[in-house]
Amino acid sequence: MSEPAEFLGAFAQALAGMLLYAEGHPARARGIDAAYEELLDLQLETPRPLFTFLGDEVIFGRLPLREMRNWDWSMRLAEAGIQRLEFMERVSREEFEAFLVDVLARVTMTPIDTAEARQLRPTSIKFGAVGVRGGAGDLPQEEALPTATITFSLGEEAETIRWLHREVQEREALPLAEAEAVVRSLSVAMHGDKQMMLPLLQLKQFDQYTTTHSLNVAVLSMAFAEFLGMGAADVRAFGVAGLLHDLGKVRIPIEVLTKPGKLTPDERVLMNTHPAEGARIILESEQELDLAAVVAYEHHIMLNGLGYPQVKFRRSCHEASNLIHVCDVYDALRTRRPYREAWSVEQVLPYIEGRAGLEFDPTYVRSFIAMMRKWESQVAVVSDERAPLPASVAAAVAGPAGPEGSPSSHPV
Ligand SMILES: [Fe+2]
Ligand SMILES: [Fe+2]
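Residues numbered from 1 in each chain as written. Chains lettered and ligands numbered in written order. Predicted model: local features only at pLDDT ≥ 70, side-chain atom pairs only at ≥ 80, totals over all residues. Heavy atoms only, no water.

S.K.: I'd love a proper account of helix 9 (residues 232–244), names of residues and values included.
M.R.: Between its terminal C-alpha atoms helix 9 stretches 19 Å, which fits the 18 Å expected from 13 residues at 1.5 Å a residue. Every buried residue of helix 9 is listed here: Val 235, Phe 238, Gly 239, Val 240, Ala 241, Gly 242, Leu 243 and Leu 244. Of the surrounding secondary structure, the elements contacted by the buried residues of helix 9 are helix 6 (155–171), helix 7 (176–191), helix 8 (209–227), helix 12 (274–285), helix 13 (290–298) and helix 14 (319–334). (Helix = DSSP H or I, 4+ residues; strand = E, 2+ residues; numbered from the N terminus. Expected span 1.5 Å × (residues − 1). Buried < 20%, exposed > 50% of the residue type's maximum accessible area, 1.4 Å probe, protein only. Contact = heavy atoms within 4.5 Å.)

S.K.: Hey, could you go over the coordination of the iron ion (ligand 1) for me, with residue numbers and the actual values?
M.R.: Note on metal geometry: ideal angles are 109.5 degrees for four donors arranged tetrahedrally and 90 or 180 degrees for six donors arranged octahedrally. Taken together, the protein donors to the iron ion (ligand 1) comprise Asp 246 (OD), His 274 (NE2), His 299 (NE2) and His 300 (NE2), at separations of 2.1 to 2.2 Å. In this structure, the iron ion (ligand 1) is surrounded by four donor atoms whose angles at the metal cover 85 to 172°, and the resulting shape is irregular. Considered as a linear motif, the donors of the iron ion (ligand 1) on their single chain read D-x27-H-x24-H-H. Between the two metal centres, the iron ion (ligand 1) and the iron ion (ligand 2), the spacing is 3.5 Å, with Asp 246 acting as a shared donor. Of the two residues, Asp 246 is situated in the loop between helix 9 and helix 10 (254–257) and His 299 in the loop between helix 13 and helix 14; the sequence distance between them amounts to 53 residues. With respect to burial, Asp 246 and His 299 carry one shared label: buried. (Donors = N, O, S within 2.8 Å, 3.2 Å for Na, K, Ca; no water. Tetrahedral: all angles 85-135°; square planar, octahedral: opposite > 155°, others 65-115°.)

S.K.: If you had to explain unusual backbone geometry to someone new, which residues and values would you point to?
M.R.: Residue Pro 309 follows Tyr 308 across a cis peptide bond; omega there is -5°. Following the sequence through the fold, Pro 309 ends up in the loop between helix 13 and helix 14. Despite not being glycine, Glu 172 shows a phi value in the positive range, around 60°. The residue Glu 172 is located in the loop between helix 6 and helix 7 in this model.

S.K.: So what about the pattern of salt bridges? Which residues, and what values?
M.R.: For the structure shown, the criterion picks out 19 salt bridges. Arg 184 is the salt-bridge partner of Glu 57, the closest N and O atoms lying 3.1 Å from each other. Taken together, the positions of Glu 57 in the loop between strand 1 (50–53) and strand 2 (58–60) and Arg 184 in helix 7 put the pair 127 residues apart, joining distant regions of the chain. One exposure class covers both Glu 57 and Arg 184, and it is buried. A salt bridge links Glu 277 to Arg 280, with the nearest nitrogen and oxygen atoms 2.7 Å apart. Within this pair, Glu 277 and its partner Arg 280 are both found in helix 12, separated by three residues, close to a single helical turn. (Salt bridge = Lys/Arg side-chain N within 4 Å of Asp/Glu carboxyl O.)

S.K.: Break down empty space enclosed by the protein for me, with residues and values.
M.R.: Any space left empty among the atoms is revealed by the rolling of a water-sized probe across them. The final tally for this structure, using the stated rule, is three cavities of 30 Å³ or more. If you add up the space inside the largest cavity, you get close to 130 Å³. Taken together, Leu 50, Thr 52, Ile 59, Gly 61, Arg 62, Arg 84, Glu 156, Glu 157, Thr 160, Ala 181, Val 182 and Ser 185 form the lining of the largest cavity. Counting residues per element, the ones that place at least two in the lining of the largest cavity are strand 1, helix 6 and helix 7. Considering only residue class, the lining of the largest cavity consists of four nonpolar, four polar and four charged. (1 Å grid on protein atoms, 1.4 Å probe; cavity = no way out; pocket = protein on both sides within 12 Å on 5 of 7 lines; lining within 4 Å. Points joined across faces, edges and corners; volume = space filled by probe spheres on them. Nonpolar A, V, L, I, M, F, W, Y, C, P; charged D, E, K, R; others polar.)

S.K.: I'd like to hear about the packing of helix 8 against helix 9, residue by residue, with values.
M.R.: Working note: a packed helix pair is described by the angle between its axes plus the distance between those axes. One way to put it is that helix 8 packs onto helix 9 with a least axis distance of 7 Å and a crossing angle of 155°. Looking at the two axes, helix 8 sits roughly antiparallel to helix 9. For the element pair helix 8 and helix 9, the recorded crossing hand is right-handed. Residues Ser 214, Leu 215, Val 217, Ala 218, Ser 221, Met 222, Ala 225 and Glu 226 of helix 8 touch helix 9, and the partners they reach there are Val 235, Phe 238, Gly 239, Gly 242 and Leu 243. Its residues placed into classes, the contact of helix 8 with helix 9 shows eight nonpolar, four polar and one charged. (Axes fitted to C-alpha atoms, helices over the stretch in contact; angles between N-to-C directions. Parallel < 35°, antiparallel > 145°, perpendicular 65-115°, else oblique. Left-handed = near helix turned anticlockwise from the far one by under 90°.)

S.K.: If you had to explain the packing of helix 14 against helix 15 (residues 345–354) to someone new, which residues and values would you point to?
M.R.: Helix 15 packs onto helix 14 with a crossing angle of 145° between their chain directions and a minimal axis gap of 10 Å. The crossing of helix 14 and helix 15 is right-handed. Here Val 326, Val 329, Tyr 330, Leu 333 and Arg 334 of helix 14 lie close against helix 15, whose contacting residues are Val 345, Val 348, Leu 349, Tyr 351 and Ile 352. Of the residues in the contact of helix 14 with helix 15, the class split is nine nonpolar, no polar and one charged.

S.K.: Got a sec to walk through the confidence of the model for the chain? Specific residues and values, please.
M.R.: With 81% of its residues at a pLDDT of 70 or more, the chain shows a mean pLDDT of 81. Below a pLDDT of 50 lies the segment residues 130–152, which in the model reaches 54 contacts outside its immediate sequence neighbourhood of four places, other chains included. Every residue in residues 386–411 is under pLDDT 50, and counting partners more than four places away or in other chains gives 43 contacts. (pLDDT = per-residue confidence, 0-100.)

S.K.: Please give an account of the environment of Leu 174 that cites residues and values.
M.R.: Summarising the element assignment, Leu 174 is placed in the loop between helix 6 and helix 7. Judged by its relative accessible area of 6%, Leu 174 falls in the buried class. Separated by 112 residues in the primary sequence, Leu 174 and Glu 286 have C-alpha atoms spaced 7.6 Å apart. In this structure Leu 174 touches Leu 164, Val 168, Leu 244, Leu 247, Ile 282, Ser 285 and Leu 289, once residues within four positions along its chain are discounted.

S.K.: Describe the packing of aromatic side chains, listing the residues and the values that go with them.
M.R.: Across all of its chains, the model carries 15 aromatic pairs by this definition. Between the aromatic rings of Tyr 330 and Phe 368, the centroid separation amounts to 5.2 Å while the plane-to-plane angle is 65°, which identifies the pairing as edge-to-face. With a gap of 38 residues between them, Tyr 330 in helix 14 and Phe 368 in helix 16 (residues 362–375) connect regions that are remote in the sequence. When sorted by exposure, Tyr 330 lands in the same class as Phe 368, which is buried. Connected via pairs of aromatic rings, a cluster forms that spans Phe 7, Phe 11, Tyr 36, Phe 51, Phe 53, Phe 60, Trp 71, Phe 87, Phe 96 and Phe 99. Note that Arg 76 overlies the ring of Trp 73, its terminal NZ or CZ placed 4.5 Å from the centroid. Cation over ring: Arg 337 sits above Tyr 209, and NZ or CZ is 3.5 Å from the ring centre. (Phe/Tyr/Trp six-rings, centres within 6.5 Å; stacked < 30°, edge-to-face > 60°. Lys NZ or Arg CZ within 6 Å of the ring centre and 35° of its normal.)

What follows is the structure in structure tokens.
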């Protein structure tokens, strides 16, 4: 058994022992001691272990712990609102016990004295629902339960995507497990609260656009698939396809991607290779990702056959491509680009509506607008790092927005 799995086993046993035996009982102390020892062992290898509990699955860092599949405590913890657990540094035995008491209170839904719990709980153990930072994602501070410190942002997911793009650039290999882990993590962030949440990343630097945009299109695509009533496996497949739709851009020089002005004809030709290039990279790495490959290839083909790559014979695109195409354009227009300001929602939705039947499938346009209207208040703009945005940047990104520049003449 791996170190992380051994720790989780001992952790669950300690909790079970605490349920059975009162304070002061030697069996209770033994269970806690054993779990604490396992934690110290684990931290020798991984100083800041991070677990995500997704019901039927446990993710350690970014990788699923296959041996802990269907582990019943994962479900219990996730249902108790503990979907993420991170040990930031070494903790004392006493701190560890206080943390276990806190976890147990959540699992058994026992109200605990929050003031006391707060005093005891070390700040170096972070656990709780996977929520999002900022605005609508903040949990009220004075609640009996939950009491955890929620510091989740999409920083780790963004970092994983940057790493994934570098891997593809340098090694031509697509790390599928990590892409899937990001999608799972986004899915948890979307459902961490009682209601649906759409955590959308805010762009800070133009050269980070592809990362931010990929995560946002993944979130929007999953939300859209869910809104249309698709099952969990399909929703995740749409998430992976959304995440990888612009993968071919790893081959486009950054100067072209971030160019403030109009692209030259040569640069345009180069830019237009990204759908076919993305599909090629995906298929060469993972045969089973055919949906993602199709979406990468087709996401710039319009309903009327225009767009790129140019198709000789008009045919309809896969429904996933049509669906993700809408999400793609929505996010591209909502984001500030070097050549134009961000558009407001009130500008983007009518624009998309106006292109129904030309660029977009009218059925999906109607559904997308209905979804955005329904979940408008649940859109949370998050940062991909813990530090808040400097006020000047936040103000610039937030507006004023104006529909300057033709969106169709620029890549999304
Ligand atoms: Fe694209
Ligand atoms: Fe895109």
